[in-house]
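Okay, here's what each chain looks like letter by letter:
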Amino acid sequence: MSSTNNQDFLPRSQKWLQISGWLLPFLYVLIVAALYGAFLYAPRERVMGEVQRIFYFHLGSAWNCFLAFFAVALAGVLYLVTRNEFWDHVAAASAEIGIVFATIVLATGSIWARPIWNTWWPWGDPRVTTMLVLWLIYVAYLILRSSLPDGEKKFKLCAVFGIIGFLDVPIVWMSIRWWRTIHPVVIASSGGGLAPKMVHALMIAVPAFTVLYLTALLLRTAMHLHQGVARELNQAVLERGRP
């Protein structure tokens, strides 16, 4: 894509930065409310005790990990249809944020598992295994991005990789229903056995993490757009200085 087209992204990135600024006050309020709900409002779980409170952050991160990887796949489809480099920037930003959320899911899951299941990592558990595979898929996606020079070939390969990688998300979600696992089914038609105050705390935590994801996506995409323009301007200066 030409530098003129890339520089046309600057007004859009400025708008995204403005929107992220509008979201910040709501994000602060939601994060404070989520912390209050998880640590003070929600009751202590009778069997697991205080360690169960990590559940609100674990599930909030898991939901937004799936949302981020869905955005990678959707942006990949939009790039293949439109050949607009903007969607590649969105996919890259969302993949980076999704990896952060996926890492939080794996870390909090291990912390939660140690006192409950007497192990940091229950090898062979379908949910844990498929989640680790999902994390590895998108780590590989980022490695692929960093190893290829910018251009249509890179954008196509990354778009296809991101779309195919998302196929593991429904497998992770359904793993506790398809196979025998020590993971409980928390989200179910019966309510999953959660106390009403626990449900309320969860209903605050998930939106808080979602607004965090959206804010981070806007900021990171704007950074990718500015970095792309800076690279092209630097290349133009170098070419102009050649004899």
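Residues numbered from 1 in each chain as written. Predicted model: local features only at pLDDT ≥ 70, side-chain atom pairs only at ≥ 80, totals over all residues. Heavy atoms only, no water.

S.K.: How should I be thinking about the overall build of the protein in this particular structure?
M.R.: Tallying secondary structure elements over the protein gives eight helices and zero strands in all. The order of α-helices and β-strands along the protein, N terminus first, is α-α-α-α-α-α-α-α. Taken over 243 residues, the protein has a buried fraction of 41%. Across the protein, every contact between residues at least 6 apart in sequence was considered, and the portion connecting residues at least 24 apart equals 79%. Here the protein displays about 13100 Å² of accessible surface, and carbon together with sulfur accounts for 70% of that area. (Helix = DSSP H or I, 4+ residues; strand = E, 2+ residues; numbered from the N terminus. Buried < 20%, exposed > 50% of the residue type's maximum accessible area, 1.4 Å probe, protein only. Contact = heavy atoms within 4.5 Å. Areas by Shrake-Rupley, 256 points an atom, 1.4 Å probe, with all protein chains shown as cover.)

S.K.: What should I look at first to understand the packing of aromatic side chains in this one?
M.R.: The description of an aromatic ring pair uses the distance of the two centres, along with the angle that the planes make with each other. Summed over the entire model, instances satisfying the criterion amount to twelve aromatic pairs. Centroid distance Tyr36 to Tyr41: 6.4 Å. Interplanar angle 35°. Geometry classified as tilted. For Tyr41, a relative accessible area of 28% puts it in the partly exposed group. Through successive ring pairs, a cluster of aromatic residues spans Phe39, Phe57, Phe101 and Phe209. We note Lys197 situated over the ring of Tyr41; from NZ or CZ to the ring centre the distance is 5.3 Å. (Phe/Tyr/Trp six-rings, centres within 6.5 Å; stacked < 30°, edge-to-face > 60°. Lys NZ or Arg CZ within 6 Å of the ring centre and 35° of its normal.)

S.K.: When you look at helix 5 (residues 126-147) in this model, what are you seeing that I'm missing?
M.R.: Taking 1.5 Å per residue as the helical rise, helix 5 with its 22 residues ought to reach 32 Å, and the 31 Å between its terminal C-alpha atoms agrees with that figure. Looking at helix 5, one finds that the buried residues are Pro126, Arg127, Val128, Thr130, Met131, Leu134, Tyr138, Tyr141, Leu144 and Arg145. If you follow the buried residues of helix 5, they end up packed against helix 3 (55-82), helix 4 (85-117), helix 6 (152-165) and helix 7 (168-178). (Expected span 1.5 Å × (residues − 1).)

S.K.: How do you make sense of the side chain of Thr210 when you look at a structure like this?
M.R.: Turning to its location among the elements, Thr210 is positioned in helix 8 (residues 196-241). For Thr210, the side chain forms a polar contact with the side chain of Trp63, separated by 3.1 Å. Only 2.8 Å separates the side chain of Thr210 from the backbone oxygen of Val206, close enough to count as a polar contact. The residues touching Thr210, leaving out its near neighbours within four places in the chain, are Trp63, Asn64 and Leu67. (Polar contact = N/O pair within 3.5 Å; in protein donor to acceptor, adjacent residues only side chain to side chain.)

S.K.: Any chance you could explain helix 3 here in plain terms?
M.R.: The α-helix winds at 3.6 residues per turn, so residues separated by three or four positions along the chain end up facing the same way. Across its 28 residues, helix 3 extends 40 Å between first and last C-alpha, which sits within 8% of the 40 Å expected from 1.5 Å per residue. Once helix 3 ends, the next one or two residues include Arg83, with phi positive near 60°.

S.K.: Help me understand the pattern of salt bridges, please; the structure alone is not making it clear to me.
M.R.: Where charged atoms of side chains with opposite charge meet at close range, the side chains can pair. One pass over the full model with this rule turns up seven salt bridges. The salt bridge partner of Arg83 is Glu152, with a shortest N-O separation of 3.2 Å. Of the two residues, Arg83 sits in the loop between helix 3 and helix 4 while Glu152 sits in helix 6, which places them 69 residues apart along the sequence. When the shortest N-O distance is used, the salt bridge between Arg145 and Asp88 registers 2.6 Å. With Arg145 in helix 5 and Asp88 in helix 4, this residue pair connects regions lying 57 residues apart in the sequence. The same class applies to Arg145 and to Asp88, which are both buried. Overlapping salt bridges, with partners in common, bring together Arg44, Glu50 and Arg53 in one network. (Salt bridge = Lys/Arg side-chain N within 4 Å of Asp/Glu carboxyl O.)

S.K.: Help me understand the nonpolar core in this model?
M.R.: Note that soluble globular proteins tend to have their nonpolar side chains buried in a common cluster. Residues Tyr56, Cys65, Phe69, Met131 and Leu134 are the most contacted members of the largest nonpolar core, which totals 47 residues. Only helix 2 (9-41), helix 3, helix 4, helix 5, helix 7 and helix 8 provide two or more residues apiece to this core. Residue contacts for Cys65: discarding those within four places in its chain leaves Gly98, Phe101, Ala102, Met131 and Leu134. (Core = buried A, V, L, I, M, F, W, Y, C linked by side-chain atoms within 4.5 Å.)

S.K.: How should I be thinking about the confidence of the model for the protein in this particular structure?
M.R.: Regions with low pLDDT should not have their predicted coordinates read in detail. Put simply, the protein has an average pLDDT of 84, and 84% of its residues get 70 or more. When mean pLDDT is compared element by element in the protein, helix 3 scores highest at 95, while helix 1 (residues 3-7) scores lowest at 49. (pLDDT = per-residue confidence, 0-100.)

S.K.: So what exactly am I meant to see when it comes to a nonpolar patch on the surface here?
M.R.: A cluster of nonpolar side chains, Leu35, Tyr36, Phe39 and Leu40, forms an exposed patch at the surface whose accessible area comes to about 440 Å². Within the secondary structure, Leu35 sits in helix 2. (Patch = residues over 30% accessible without salt bridge, like charges linked within 9 Å, V, L, I, M, F, W, Y side chains within 5 Å.)

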